[in-house]
Amino acid sequence: MRRGRRLSLAACLILAVAAAPHAALAQTADELYASAVKARQAQHFDEAADLLKRALALKPDNADALVQLGFAELGRNDFQAARDAFSKALSIAPTYRDASFGMAEVEFRSGNLDAALPLAEQVAQADPSNADAAKLVENIRKAKQGVISKPKPVRAAPAAVKKPPHHRPDPVPGLMEEGRRLRQAGNLPEAEKAYRRALKLAPKNTDILVALGFVVGSSQRFDEAGQFFDQALAIKPGLLDARLGKVRLAIWQGDTPRARALVDEALASAPDNAEALDLDGRIALLEGDYRRAEQSFQRVLALEPRNAEALVGIGDVRRAEGDDEAARQAYTQALAIEPGSADIEQRLSVPPPCEWRLDIGSEVSDLTNGLGDWTDSSAGLAYRLSPRTTISGHTRLATRFGRSDVQLEGRIDQAFTPAFSAYVLAAATPDADFLARYSVGAGASWKVVAPAKAFGPLSLNIDARYDDFADTGVTSIQPWIQGYVFDGRLGLSARWVHAEDDTGTRADGYVLRADLAVTERFNVFAGYADAPEIDDGALIPTRTVFGGLSFDVSDPLTLRASIAHEERPTFDRNIFGLGVTARF
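Okay, so let's go over this structure. (Residues numbered from 1 in each chain as written. Predicted model: local features only at pLDDT ≥ 70, side-chain atom pairs only at ≥ 80, totals over all residues. Heavy atoms only, no water.)

### Notes on the overall build of the protein chain
Thought 1: Within the protein chain, the regular secondary structure consists of 19 helices and 14 strands.
Thought 2: Against the 2.2 N^0.38 benchmark of 25 Å for 584 residues, the protein chain shows a C-alpha radius of gyration of 34 Å, more extended than a compact globule.
Thought 3: On the principal axes, the C-alpha backbone points of the protein chain span a range of 120 × 75 × 45 Å.
Thought 4: For the protein chain, the proportion of its 584 residues judged to be buried stands at 39%.
Thought 5: In the protein chain, 45% of the contacts between residues at least 6 apart in sequence involve partners at least 24 apart. (Helix = DSSP H or I, 4+ residues; strand = E, 2+ residues; numbered from the N terminus. Rg over C-alpha atoms; globule rule 2.2 N^0.38 Å. Buried < 20%, exposed > 50% of the residue type's maximum accessible area, 1.4 Å probe, protein only. Contact = heavy atoms within 4.5 Å.)

### Description of the side chain of serine 365
Thought 1: Following the sequence through the fold, serine 365 ends up in strand β1 (residues 356-367).
Thought 2: Looking at serine 365, its side chain comes within polar contact range of the side chain of arginine 573, at 2.8 Å.
Thought 3: Once you skip the residues sitting within four places of it in the chain, serine 365 turns out to touch Gly372, Asp373, Trp374, Arg573, Asn574 and Ile575. (Polar contact = N/O pair within 3.5 Å; in protein donor to acceptor, adjacent residues only side chain to side chain.)

### Here's the deal with helix α11 (residues 206-218)
Thought 1: Along its 13 residues, α11 runs 18 Å from first to last C-alpha, staying within 8% of the 18 Å computed at 1.5 Å per residue.
Thought 2: The buried count for α11 comes to 11 of 13 residues, which makes it a mostly enclosed element.
Thought 3: Those residues of α11 not exposed but buried are Thr206, Ile208, Leu209, Val210, Ala211, Leu212, Gly213, Phe214, Val215, Val216 and Gly217.
Thought 4: On its buried face, α11 sits against α9 (171-184), α10 (188-201), α12 (222-235), α13 (240-252) and α15 (274-287).
Thought 5: Two to three positions downstream of the cap, the backbone nitrogen of aspartate 207 sits 2.9 Å from a side-chain oxygen, assigning the N-cap of α11 to asparagine 205.
Thought 6: Immediately downstream of α11, the backbone of glutamine 220 shows phi near 70°, a positive value. (Expected span 1.5 Å × (residues − 1).)

### A closer look at a negative patch on the surface
Thought 1: A surface patch of like charges, here negative, comprises Asp78, Asp84, Asp207 and Asp241.
Thought 2: Residue placement: aspartate 78 occurs in the loop between α4 (63-75) and α5 (79-92). (Patch = residues over 30% accessible without salt bridge, like charges linked within 9 Å, V, L, I, M, F, W, Y side chains within 5 Å. Areas by Shrake-Rupley, 256 points an atom, 1.4 Å probe, with all protein chains shown as cover. Salt bridge = Lys/Arg side-chain N within 4 Å of Asp/Glu carboxyl O. Lys, Arg positive; Asp, Glu negative; His and termini not counted. Charge placed at Lys NZ, Arg CZ, Asp CG, Glu CD.)

### What to know about the pattern of salt bridges
Thought 1: Counted by the stated rule, this structure contains 45 salt bridges.
Thought 2: When the shortest N-O distance is used, the salt bridge between arginine 260 and aspartate 280 registers 2.5 Å. You can see arginine 260 sitting in helix α14 (residues 256-269) and its partner aspartate 280 sitting in helix α15, a full 20 residues away along the chain. Like aspartate 280, arginine 260 is buried.
Thought 3: A salt bridge links aspartate 463 to arginine 495, with the nearest nitrogen and oxygen atoms 2.9 Å apart. Of this pair, aspartate 463 sits in strand β7 (residues 458-468) while arginine 495 sits in strand β9 (residues 490-501), and the two are 32 residues apart along the sequence.
Thought 4: Take aspartate 463: its relative accessible area is 17%, and that puts it in the buried class.
Thought 5: A relative accessible area of 22% means that arginine 495 is categorised as partly exposed.
Thought 6: Among the charged side chains, a salt-bridge network with shared partners connects Arg260, Asp264, Asp280, Glu287 and Arg292.

### Topic: the packing of aromatic side chains
Thought 1: Throughout the structure, instances matching the rule amount to 11 aromatic pairs.
Thought 2: Seen from their ring centres, phenylalanine 71 and phenylalanine 86 are 5.0 Å apart, and the 70° between their planes marks the pair as edge-to-face. Residue phenylalanine 71 is located in helix α4, and its partner phenylalanine 86 is located in helix α5; the two are separated by 15 residues in the primary sequence. With respect to class, phenylalanine 71 is no different from phenylalanine 86; both count as buried.
Thought 3: Between the aromatic rings of phenylalanine 214 and phenylalanine 229, the centroid separation amounts to 5.4 Å while the plane-to-plane angle is 75°, which identifies the pairing as edge-to-face. Of this pair, phenylalanine 214 sits in helix α11 while phenylalanine 229 sits in helix α12, and the two are 15 residues apart along the sequence.
Thought 4: The buried category is assigned to phenylalanine 229, whose relative accessible area is 0%. (Phe/Tyr/Trp six-rings, centres within 6.5 Å; stacked < 30°, edge-to-face > 60°.)

### Some thoughts on the packing of α14 against α15
Thought 1: Closest axis-to-axis distance for the α14/α15 pair is 10 Å, and the angle between their directions is 150°. Classed by the angle they form, the pair α14 and α15 counts as roughly antiparallel. For the element pair α14 and α15, the recorded crossing hand is left-handed. Two secondary-structure elements touch here, α14 through Thr256, Ala259, Arg260, Val263, Asp264 and Leu267 and α15 through Ala276, Leu277, Leu279, Asp280, Ile283, Ala284, Leu286 and Glu287. (Axes fitted to C-alpha atoms, helices over the stretch in contact; angles between N-to-C directions. Parallel < 35°, antiparallel > 145°, perpendicular 65-115°, else oblique. Left-handed = near helix turned anticlockwise from the far one by under 90°.)

### What to know about the packing of helix α16 (residues 290-303) against helix α17 (residues 308-320)
Thought 1: In the contact formed by α16 and α17, the axes pass within 9 Å of each other and the chain directions differ by 160°. Viewed along their axes, α16 and α17 adopt a mutual orientation that is roughly antiparallel. The way α16 lies across α17 gives a crossing that is left-handed. Every residue of α17 that contacts α16 at Tyr290, Ala293, Glu294, Phe297, Gln298, Val300 and Leu301 is listed here: Ala310, Leu311, Gly313, Ile314, Val317, Arg318 and Ala320.
Thought 2: Grouping the amino acids of the contact of α16 with α17 by side-chain chemistry returns 10 nonpolar, 2 polar and 2 charged. (Nonpolar A, V, L, I, M, F, W, Y, C, P; charged D, E, K, R; others polar.)

### Side note on the nonpolar core
Thought 1: Counting residues in hydrophobic clusters, the biggest one holds 44 residues, and the most contacted among them are Val67, Leu74, Phe86, Phe108, Leu136 and Ile140.
Thought 2: Those elements giving two or more residues to this core turn out to be α2 (29-41), α3 (45-58), α4, α5, α6 (97-110), α7 (113-126) and α8 (131-145).
Thought 3: Residue contributions to this core peak at 8 residues, all from α4.
Thought 4: In terms of nonpolar packing, the next biggest core, distinct from the first, is built from 35 residues, Leu285, Ala293, Phe297 and Ile314 among them. (Core = buried A, V, L, I, M, F, W, Y, C linked by side-chain atoms within 4.5 Å.)

### Thoughts on α14
Thought 1: Here α14 is 14 residues long and its end C-alpha atoms lie 20 Å apart, about the 20 Å a rise of 1.5 Å per residue gives.
Thought 2: Listed as buried for α14 are Thr256, Ala259, Arg260, Leu262, Val263, Ala266 and Leu267.
Thought 3: In this structure, the buried residues of α14 make contact with α13, α15 and α16.

### Things to note about unusual backbone geometry
Thought 1: In this structure, asparagine 77 is a non-glycine residue whose phi angle is positive, near 65°.
Thought 2: A positive phi is found at aspartate 431, a non-glycine position, where the angle reads about 50°.
Thought 3: With respect to the element layout, aspartate 431 can be found in the loop between β5 (420-428) and β6 (438-449).
Thought 4: Given the relative accessible area of 72%, aspartate 431 is considered exposed.

### What to know about a nonpolar patch on the surface
Thought 1: A cluster of nonpolar side chains, Phe416, Phe420, Trp446, Val448, Val449, Leu460 and Ile481, forms an exposed patch at the surface whose accessible area comes to about 590 Å².
Thought 2: Among the elements that take part in the nonpolar patch, β6 stands out by supplying 3 residues, more than any other.
Thought 3: Mapped onto the elements of the fold, phenylalanine 416 is located in the loop between β4 (403-415) and β5.
Thought 4: When its relative accessible area of 44% is taken as the criterion, phenylalanine 416 is described as partly exposed.

### Details of the pairing of β5
Thought 1: Judged from the 8 bridges that link them, β4 and β5 form a sheet pairing that is antiparallel. Counterpart to isoleucine 412 in the pairing with β5 is valine 424.
Thought 2: With 9 bridges connecting them, β5 and β6 associate as antiparallel partners. Directly across from serine 421, in β6, lies its bridge partner serine 445. (Pairing = 2+ DSSP bridges.)

See below:
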């Protein structure tokens, strides 16, 4: 009997011992984090560090846990471990003030006063009510003046560890922090110099290689940036920061398909990584998939409610959908998290999009051989139904040899994706004398190459139209290509013109044109055409030299002027045109 009781008791003890580790492993990251905070507040730094490392094993990108781990390591007097924790937290959440404060503490206690002071000042200025930050700034300034020495650590280092009497602090962390600060301020050349000095001291440091990749990539040196990311991956295969850097490079180069493939690969291994999710949202925006973009940004905010980049992404989605008011609300929330952000302020400074556009123009033609003048005037009104759909109406009044025709036209433009758009139109001329009695047309544009480096977008286009005249009908098809160079300042296009009437008469030709943005507001164009003109149903071989300019008087108002010389078999024509566009 007693032997049975002893066996039962032993079995219970074995089960209890076996179950204990399983129960500990079953703790969630949030439960481990809460226990760690209590342990750190009780100055049980070893226990706190252990709990936080277990929490981070479950949620590697938890910036709050990284900050708490940094302070726990500070309590254990392990400055390098604390620096690593705070640095990783800042890489995940660059505006996390507690992480910046912790980094300032590390630099101060390590003797890097020049690196510590700007960090502490940044926190104190961002949060004037933070007494700890203000006190740290005061202590750093006193230490620089020699009034006080650096503070004693919370817990003394083990007696077995003896520092050399003339210990020199590691300059790499200070250079890294200097580079990060300069990069955030937009001073990319100086940030690159700081990172390169750090790389000379630590050529195998992947954090430096990744940081250099971002700075060089931001300077449009994409090939060199890719080499830095590849070097980091050669040292640490699978390094997520370097892989995400290559995603950004693909976005900057306009290679959306490659960016999509790379970010999907990253999310497969790190589905809850905030940066990867944010990049997924950015790529979805480029693809025109606003639903997926919003879902990705919302997932980021669920992980990090104060993630300014995700809020900016939500704003960009709202603006793309045409809800400017909601976009501004999201940008304002982001600016409250990142005060003074030039990127966010620029978005807020963009005026609400104009829904209406009015185009008015008039041309006067001087004909040779005593044939008098022609006039051609037009007025058009367009309304933006949504960011992707525009409807417009157009009225044209033309005079030829004492006769006048009035033509009415309606048109719908639809952007199906950021890369593909199309339009349809229909026009009619009541009691037509020389213009087409009615016309129908359609066209499409496909951006096959996105902007990259000095080269702008390259698009393939086609226009097709049928004009019905009293005696015949004419079908015209015009495929054309357009590309931009010099960062989009110079546009070049080549158009093939094919026309055929109902009797089988055909005519072909071409049009070449160049557009140059002289300044942000002033543009000029010029070109040459050797193509058939459709005149009262007849296909007239015509050679034309043309040019013109446009000037944006203000954002809503543009003035236009043009001139052309046209040679026909029976006469020449000089054309002078003026126009104005108003947006409201």
